[in-house]
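Structure at a glance
What follows is the residue order along each chain.
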Amino acid sequence: MRRSSTFARQVLLVRVGRRDGDPRTGTELVVPERLVDRPRRYGFDRARRAEIEAVMPVSPALAPASPVDDSPAMSIPLLPGERTASRRMKFALVNACTLASLVLGINAIFVAMAGETRVAALLLIACVAFDGLDGALARKLGVASPFGAQMDSLADMCSFGLAAPVVVYASLAGSAPTAAAAVAAALVAACAAIRLARFNVSPKDGRFFCGVPTTMAAAVLALTVAIGLPLPAVVQIAGVALLAFAMVSSFPYAKLARLLKLPPWLWLAPVIGALVDIRLTFALAVVGYLVSGPVLWLHQRRTA
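Keep in mind that what you see is a predicted model, and the values were worked out from it rather than measured.

This next bit is on the overall build of the chain. Helix and strand content of the chain: 13 helices and two strands. Burial analysis of the chain (304 residues in total) assigns 32% to the buried set. When contacts within the chain are restricted to residue pairs at least 6 apart in sequence, those whose partners lie at least 24 apart make up 74%. Of the accessible surface of the chain, which amounts to about 19300 Å², a share of 68% is contributed by carbon and sulfur atoms.

Glancing now at the environment of Pro294. With respect to the secondary-structure elements, Pro294 resides in helix α13 (residues 278–303). We classify Pro294 as partly exposed; its relative accessible area is 28%. As a C-alpha pair, Pro294 and Ser250 span 44 residues in sequence and 9.1 Å in three-dimensional space. Once you skip the residues sitting within four places of it in the chain, Pro294 turns out to touch Phe251 and Tyr253.

With that settled, the discussion passes to the packing of aromatic side chains. If you walk through the whole model with that rule in mind, you get three aromatic pairs. A centroid spacing of 6.1 Å and a plane angle of 40° characterise the contact between Phe91 and Phe147, whose relative ring orientation is tilted. Residue Phe91 is found in helix α5 (residues 85–113), and its partner Phe147 is found in helix α7 (residues 146–172); the two are separated by 56 residues along the sequence. Here the aromatic rings of Phe251 and Trp297 are separated by 5.8 Å at their centres, their planes lie at 65°, and the arrangement is edge-to-face. On the criterion of sequence distance, the pair formed by Phe251 in the loop between α10 (233–247) and β2 (252–254) and Trp297 in helix α13 is long-range, its members being 46 residues apart.

Here we take up the nonpolar core. Residues Ala108, Leu124, Val167, Val212, Leu221, Met247 and Leu290 are the most contacted members of the largest nonpolar core, which totals 45 residues. Among the elements that take part in this core, helix α9 (residues 214–227) stands out by supplying eight residues, more than any other. Among residues more than four places away in sequence, those in contact with Val212 are Arg195, Ala217, Ala246, Met247, Tyr253, Tyr289 and Leu290.

Structurally, the position occupied by Thr214 is in helix α9. Here Thr214 falls in the buried class, since its relative accessible area comes to 5%. When residues no more than four places from it in sequence are discounted, the contact partners of Thr214 are Phe160, Ala192, Arg195, Leu196 and Met247.

Turning our eyes to something else, we now look at a nonpolar patch on the surface. A contiguous nonpolar patch, built from Leu256, Leu260, Leu262, Trp265, Leu266, Trp267, Leu268, Val271, Ile272, Leu275 and Val276 and spanning about 1200 Å² of accessible area, is present on the exposed surface. Broken down by secondary-structure element, the contributors of at least two residues to the nonpolar patch are α11 (256–260) and α12 (268–276). The element contributing the most residues to the nonpolar patch is α12, with five residues. With respect to the helices and strands, Trp265 occurs in the loop between α11 and α12.

This part takes up the confidence of the model for the chain. Mean pLDDT over the chain: 79, with 75% of residues reaching 70 or higher. Note on residues 11–44: pLDDT under 50 across the span, and 42 contacts to partners over four residues away in sequence or across chains.

Its 14 residues place the ends of α9 20 Å apart at the C-alpha level, agreeing with the 20 Å of an ideal helix rising 1.5 Å per residue. Of all the 14 residues making up α9, 10 are buried; the element is thus mostly covered by neighbouring parts of the structure. For α9, the full list of buried residues reads Thr214, Thr215, Ala217, Ala218, Ala219, Val220, Leu221, Ala222, Val225 and Ile227. Lining the buried residues of α9 we find α6 (117–141), α7, α8 (178–201), α10 and α13.

It is at 11 Å that the axes of α9 and α13 come closest, and there the two elements cross at 160°. Taken together, α9 and α13 sit at an angle that is classed as roughly antiparallel. Of the two elements, α9 crosses α13, and the hand of that crossing is left-handed. Mapping the contact onto sequence places Met216, Val220, Leu223, Thr224 and Ile227 in α9 and Arg279, Phe282, Val286 and Tyr289 in α13.

Along the chain, Ser145 falls in the loop between α6 and α7. Using a relative accessible area of 10% as the deciding quantity, one classes Ser145 as buried. When residues no more than four places from it in sequence are discounted, the contact partners of Ser145 are Leu78, Pro80 and Phe91.

Moving on to the state of the cysteines. Under the criterion given, the structure shown has zero disulfides. In this structure Cys158 is a free cysteine whose sulfur lies 8.1 Å from that of Cys127, the closest cysteine sulfur available. Classification of Cys158 by relative accessible area gives buried; the value is 15%.

What counts and what doesn't
Residues numbered from 1 in each chain as written. Predicted model: local features only at pLDDT ≥ 70, side-chain atom pairs only at ≥ 80, totals over all residues. Heavy atoms only, no water. Helix = DSSP H or I, 4+ residues; strand = E, 2+ residues; numbered from the N terminus. Buried < 20%, exposed > 50% of the residue type's maximum accessible area, 1.4 Å probe, protein only. Contact = heavy atoms within 4.5 Å. Areas by Shrake-Rupley, 256 points an atom, 1.4 Å probe, with all protein chains shown as cover. Phe/Tyr/Trp six-rings, centres within 6.5 Å; stacked < 30°, edge-to-face > 60°. Core = buried A, V, L, I, M, F, W, Y, C linked by side-chain atoms within 4.5 Å. Patch = residues over 30% accessible without salt bridge, like charges linked within 9 Å, V, L, I, M, F, W, Y side chains within 5 Å. Salt bridge = Lys/Arg side-chain N within 4 Å of Asp/Glu carboxyl O. pLDDT = per-residue confidence, 0-100. Expected span 1.5 Å × (residues − 1). Axes fitted to C-alpha atoms, helices over the stretch in contact; angles between N-to-C directions. Parallel < 35°, antiparallel > 145°, perpendicular 65-115°, else oblique. Left-handed = near helix turned anticlockwise from the far one by under 90°. Disulfide = S-S within 2.5 Å.

What follows is the structure in structure tokens.
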């Protein structure tokens, strides 16, 4: 009992905190000199000191304080470069086109929910027109910016990733199983989101798209609904699913600028076909464009 009480008194002789003017740390053990001078009487050997240090309270280590940045927050300008009144007006015009595409996409959803699928499809076609116009104006007027690129991507997701599947689902209602139409529409939305996210982080190629762009996929879906292709419901659902997977594929698809450089005589066939049967001509053009991706991919693999 005496030894245990002595050990308890020795444990209580711990100083937490720092004395005024004492350079020692706050967790250092304070032992009276009489205990050190007479180790035989109190049995204060190395083993006893190790036991005391094992049960001493240790104050938690404090993490080094990180420097605080007291500089005032600086806002990043949305329009890089010279901020004159003329450039601001041009910048506002370009973003107004992007917002017009967004608003038309939202209204396409509302119209499709009311049952007017062909009117909703025409609104989607107008979305495609404004989406192409804002990029062309931004490059032409010299007001392209990272803000405009991000805003365009968000508008594309709303118009082509959400509005287009809703219009397709509304057009298939009644003629196709509800579950199959819902799965096909959801697949278009998911693949459009993946396609847009991949496009934002991938290096740009001036010649080809990596996969079918969302704008072209939405245009194909909208034209399909607008002209009313006389296809069975199963074929339409399979076509929607195929178009969705084409968006996230790695097949190279030619951009519109390269297609416009084709010889003029190649454009006579679709023009004449549209005068004879616009539905059949449209279907053949879409199938030909979808097939061109795997063909170009095989050609690049052979020439590499």
